[in-house]
Structure formats: C-alpha cells, structure tokens
Amino acid sequence: MRRSLGVGLLMTVACPLVLAGQGVPAADSLARLASAASAANTVAINFVWTLVAGFLVMFMQAGFAMVETGFTRAKNAAHTITMNFMVYGIAMLAYWVVGFALQAGGVGALGTLGGYDKLAHEVTITIAGKEWGLFGGTGFFLTGVAYTAPVFAYFLFQMVFMDTAATIPTGALAERWKFSAFAVFSVFVGAFIYPIYANWTWGGGWLAMLGKNLGLGHGHVDFAGSSVVHMTGGVMAFVTAALLGPRRGKYNADGSVNAIPGHNIPMALIGTFILAFGWFGFNAGSTLAGSDLRIGVIATNTMLAGAAGGITSMLYMWLKYGKPDPSMMANGTLAGLVAITAPCAFVTAPSAVLIGGIAGVLVCVAVFFIDGKLRIDDPVGAISVHGVNGLWGILSLGLLADGTYGDGWNGVNGAVRGLFYGDASQFAAQLIGGVANLVGVGVMAFVAYQVTAFVVGGHRVAPEVEELGLDLPEMGALAYPDTQEISSAVILSETASGGGIGELEPEPEAV
C-alpha cells in the first residue's frame, strides 16, 4: 500500500514535469507549423490575386478594340478591330521569346510570390563605381524556369501590361496603316521597345537605381505604369503617326482641319466602361499581393480619378464649345485613369481627384494642339490620352506622394514623398524618367518603324484603298456587309482632291 502510494505521489509530481518538458517543443512545433501554413496561404492568396488581376487587364484589350473601332469610320471597322485583336497574340509571342527576359531577367526575388530569386542576371555598366542596369538576360522562351509557378504568374501579369502598350499605336495609326506593317512593328514592341524601358523602371534598371546610386528619392517610381505602359505607348504613337502622315482629307491645302468623326460613339463609350473596369486589375493588381491591404486605397483612387477626368473634360468642352462631346468625356475618363496609374498607391483621395481632374482638361487641350498645331493626325486621341497624361501621372507622383507608403521601394529606406511633402529629389527622378521615355522609346520606335518599312515595303496603304476603306482590300471582309455606309466616306474639299479615285495621289510618308 505504501509502495503504491509512493508510486502515485511520484507520478503526480513527475507527470507535470514531463508534460511541461514536452510542451515547450510541442508548442514551438505547432507555432512553426501555423506560421508556415499562414505564409503558404499568403503566397497562395497573392498568386490568385495576381492572376485574377492579369485576367482583368487582358479583358481591357476588348475595351481598346471597341474604343478605337467606334472612333474610326465604318469602312475601316474590320481592319481597326482586327489590329486590336491580333496585337494580343503577335506581341505576346515576341514578349515570350525575347521581351520577358530583357525586362525581368534581372528583376531579383519575387517576394510576394514565394521568393523565387533566379531571375538575377541584369546586364549592367559601371560608372563612377556604381552599377546601372540596362536589360535582363535570363528567361528567354521561359526556358530554365519550367513549371516555376512564380515566374509563370509574373510573366502573365507583365505580358498583359506590355500588350496594353502595344495596342496604343493601333489607334493613332488607324485608317491608313498596312496590316503587314502593323504585324511586324508589333513584334518590335513586344520584343524590344516596351521590355527595355520596363526594365529600366521595374526590372532593376538604371532609372530604378537613381535613388540608391544618386540619392534622387526612391529612383523613378511608377506604381502601375503611367510611364512604363501608357507614356511608352503614347510616345510610340506620336513618333509613328508623325512619320506615317495624316489621313487623306484631314487637312486642306490652306492648312485648315477637317473633322473625320467616328461611326459608333455608343461602342466607344462601352469600350471605355470595359477599360475602367479592367483598370482595377491594372492598378490594384500591381501590388502583386492580395495580402497588401493598400489595394483598397488603390482601387478607390483609381475610380475617383477616372470620374474626375470624365467630368472636367465634359465641363471644358461644354463651356468652350457649347456641347459636352461624348468622345471627349470618354477620353477624359481614360486620361484620368492613365494619370492616376503611377501615383495611385501614394496619394490621398483628394489628390486622386485633383490628378484626374487636371488630366481631363489636359487631354482636351492636347488633342486640339496635336491635331491643329502639330498637324499630327491621331484618330482616337491616343497620344493625348496615354502619352501626355502618362507624363502627367509620373510628375503628379513626384508632387503629391504623401509619405505613407513605399518604404524600401527600389532599395531606399523610408516611404515615397513628393515635392509638396518634402522631397524635391523625387520630383527630379520623375522628370528624368519622363525624359528617358521620350528619348529612349522615341528612338527605338523610329528605328523599328524604318526597319518595318524596309521589310514590308512601306507602312501606308495605297490612296485608293484608303479612299474606299481598308476592310476589303486589307482584310478581305467588311465589318458591316449589309449596310451601305455613305456617311463613312472621307471628308474631302475640292482643294484637297482633284477628282475621282484614279486621280488620287498618295500622301507622302514623312521621313
């Protein structure tokens, strides 16, 4: 009995000690498992968020197709919408073969997508002991990363951004651009032009290093692509539209401008709605992290800026010309969305409305200046919407970023602050990024245009094709085969045309 009692007392004393001894590692093990599970769930959430956002941006291609087709004439509708359709596949494959490696081959660890760090070959030059990135060097054909899910997800998201830039010139060059020239030029966009500038800003290139190497803020900052996507597309559109020359009948011999209205304003406005919807993926998706709660701020700022741009463009046209003009409302909304794309994560709601509101007026002024003063014919206003307001977007970040977000951006400690919040050097970095886009993308677009002209024998369709419409001669199919579209005829004054089709002379391409 005493022995049993002694054993019982011993066990009573020993068991808690044993359990306590076992409980610490058990608790640590459970904590580690819980932490690992939480991290895995976070990465999974980020994957889903990034892919869904990429799908939304892909759907923006339909919006661009409708906007550009609606703003052009019925006799060219099949040609215009087919360019918007095929740029997706052509530029994508060029990006897969070459472009992604040039853009992201040196991007470094994909932190929000699991930390994959083998995209680490950035081609650099060393100046004054500082390394400056030029372009990446790994990931051609997505080889060497087979079944590496983070890279594939990142590729998909970045590819649809590239395709957004690639489709912008199709609007500026619509109604007189040979389809063969469009196809070849789009290869250059996907393979070289877009990826190289994107590397400079997003891939660890020299613009991103302006902060780390020279102390200019956080380097050139562009959250979702005001410069990388939109200004790049706008500069390509500006250069190529100037080289291609205006549509027949756009300008009279005395220098006056003829209006050439689009054939389907409802189509263009529906396309604008689609673009505005896809923009939530464009901007908020650029966190690459559904776990980043800033996505709520980004999405709301995006919506507010687009609305402000539509309203101010409406008021500007109404007050100045007596009518609100639906086409300018659409372009004003798009201009507000373009402008907020760079600063959307870094500014307050009032700043977002201010940025969008200024963009809405700026696009109206730019359209008339480019059309009337520079005499560059842009049927859909792509240069003004994307180029001019892409520049305004990055500059507005350099002015209005309030220092509440972006700690560690481009390897610089502290949050991103603009000029009005105490960091003038950030505005300088934004200016440098804009100049680099204008010069770098402009030169690349010029070279690509000339090479394309050599390959396909020029960019412009024959004058009789342009006069009758590009649908049948270029595409072999009419967009509206059962409708006689007399109203879609080119607006020509007697001084601009000598008579019948046989007497037309081709518009010379500027050189």
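Since the model is a prediction, treat every value here as computed from it, not as a measurement. (Residues numbered from 1 in each chain as written. Predicted model: local features only at pLDDT ≥ 70, side-chain atom pairs only at ≥ 80, totals over all residues. Heavy atoms only, no water.)

Enquirer: Talk me through helix H11 (residues 382-400); I want residue IDs and the actual numbers.
Expert: An ideal rise of 1.5 Å per residue puts 27 Å on 19 residues; H11 measures up with 25 Å between its terminal C-alpha atoms. At Asn389, H11 shows its strongest bend, of approximately 30°. Burial analysis of H11 places 17 of its 19 residues in the buried class, the great majority of the element. (Helix = DSSP H or I, 4+ residues; strand = E, 2+ residues; numbered from the N terminus. Expected span 1.5 Å × (residues − 1). Bend = angle between axes of the 7 residues up to and from the residue. Buried < 20%, exposed > 50% of the residue type's maximum accessible area, 1.4 Å probe, protein only.)

Enquirer: Pulling in residues and values, what's your account of a nonpolar patch on the surface?
Expert: Residues Val435, Leu438, Val439, Val443, Phe446, Val447, Val451, Phe454 and Val455 make up a contiguous nonpolar surface patch of roughly 860 Å² in combined accessible area. With respect to the helices and strands, Val439 occurs in helix H12 (residues 424-456). (Patch = residues over 30% accessible without salt bridge, like charges linked within 9 Å, V, L, I, M, F, W, Y side chains within 5 Å. Areas by Shrake-Rupley, 256 points an atom, 1.4 Å probe, with all protein chains shown as cover. Salt bridge = Lys/Arg side-chain N within 4 Å of Asp/Glu carboxyl O.)

Enquirer: Provide a residue-level description of the side chain of Thr72, including the pertinent values.
Expert: Counting through the fold element by element, Thr72 comes out in the loop between helix H1 (2-70) and helix H2 (77-104). Of the polar contacts made by the side chain of Thr72, one reaches the backbone oxygen of Glu68; its length is 3.0 Å. Setting aside its immediate chain neighbours within four residues, Thr72 contacts Thr80, Ala174, Glu175, Gly262, His263, Pro379 and Val380. (Polar contact = N/O pair within 3.5 Å; in protein donor to acceptor, adjacent residues only side chain to side chain. Contact = heavy atoms within 4.5 Å.)

Enquirer: Can you explain the packing of helix H7 (residues 265-284) against helix H9 (residues 326-340)? Please cite residues and give values.
Expert: Close contact between H7 and H9 brings their axes to 10 Å; oriented N to C, the two are set at 10°. As the angle between them shows, H7 and H9 are arranged roughly parallel. Residue-level inspection shows Ile265, Leu269, Thr272, Leu275, Ala276, Trp279 and Asn283 of H7 in contact with H9, the latter providing Pro326, Ser327, Ala330, Thr333, Leu334, Leu337, Val338 and Ile340. Of the residues that constitute the contact of H7 with H9, the class distribution is 11 nonpolar, 4 polar and no charged. (Axes fitted to C-alpha atoms, helices over the stretch in contact; angles between N-to-C directions. Parallel < 35°, antiparallel > 145°, perpendicular 65-115°, else oblique. Nonpolar A, V, L, I, M, F, W, Y, C, P; charged D, E, K, R; others polar.)

Enquirer: Explain the side chain of Asp378 to me, and be specific about the residues and the numbers.
Expert: Looking at where Asp378 falls in the secondary structure, it is placed in the loop between helix H10 (349-373) and H11. Buried and unpaired, Asp378 has Arg176 as its nearest opposite-charge partner, separated by 6.7 Å. Of note is the side chain of Asp378, whose polar atom sits 2.7 Å from the backbone nitrogen of Ala382. If sequence neighbours within four positions are ignored, Asp378 has contacts with Gly171, Ala172, Ile383 and Ser384. (Lys, Arg positive; Asp, Glu negative; His and termini not counted.)

Enquirer: So, the pairing of strand S2 (residues 130-136): which residues are in play, and what are the values?
Expert: In the sheet, strand S1 (residues 122-127) pairs with S2 via 6 bridges, with the strands oriented antiparallel. Paired with Thr124 across the two strands is Gly133, which belongs to S2. Counted along the chain from S1 to the antiparallel partner S2, the turn is 2 residues long, and its residue Ala128 has a positive phi close to 55°. (Pairing = 2+ DSSP bridges.)

Enquirer: If you had to explain the packing of aromatic side chains to someone new, which residues and values would you point to?
Expert: Overall, the coordinates contain 21 aromatic pairs when judged by the stated rule. Taken together, a centroid distance of 4.7 Å and an interplanar angle of 45° make the contact between Phe157 and Phe161 tilted. Taken as a pair, Phe157 and Phe161 lie in helix H3 (residues 149-172) at a separation of 4 residues, close to a single helical turn. The exposure class of Phe157 is buried, given its relative accessible area of 2%. Of the residues examined, Phe161 reaches a relative accessible area of 0% and is grouped as buried. Members of the aromatic cluster, each reached through a chain of ring pairs, are Phe157, Phe161, Trp202, Trp279 and Phe282. The lysine or arginine in question, Arg375, covers the ring of Tyr251, its NZ or CZ lying 4.3 Å from the ring centre. (Phe/Tyr/Trp six-rings, centres within 6.5 Å; stacked < 30°, edge-to-face > 60°. Lys NZ or Arg CZ within 6 Å of the ring centre and 35° of its normal.)

Enquirer: Can you explain the nonpolar core? Please cite residues and give values.
Expert: In this structure, Phe100, Phe161, Tyr194 and Phe346 are the most contacted members of the largest nonpolar core, which totals 117 residues. Other than its neighbours up to four places away in sequence, Phe100 contacts Tyr95, Gly105, Leu119, Gly139, Leu142, Val151, Tyr154 and Phe155. (Core = buried A, V, L, I, M, F, W, Y, C linked by side-chain atoms within 4.5 Å.)

Enquirer: So what's going on with the confidence of the model for the protein chain? Which residues, and what values?
Expert: Summarising the model, the protein chain shows a mean pLDDT of 91, and 89% of its residues fall at 70 or more. Counting contacts from residues 1-21, a segment whose pLDDT is below 50, to residues more than four positions away or on other chains yields 1 contact. Confidence drops under pLDDT 50 across residues 486-506; counting only partners more than four residues distant or on other chains, this segment forms 36 contacts. (pLDDT = per-residue confidence, 0-100.)

Enquirer: If you had to explain the environment of Pro326 to someone new, which residues and values would you point to?
Expert: By the element assignment, Pro326 lies in helix H9. Remark: the alpha-carbon pair of Pro326 and Ala268, spanning 58 residues in sequence, is separated by 9.3 Å.

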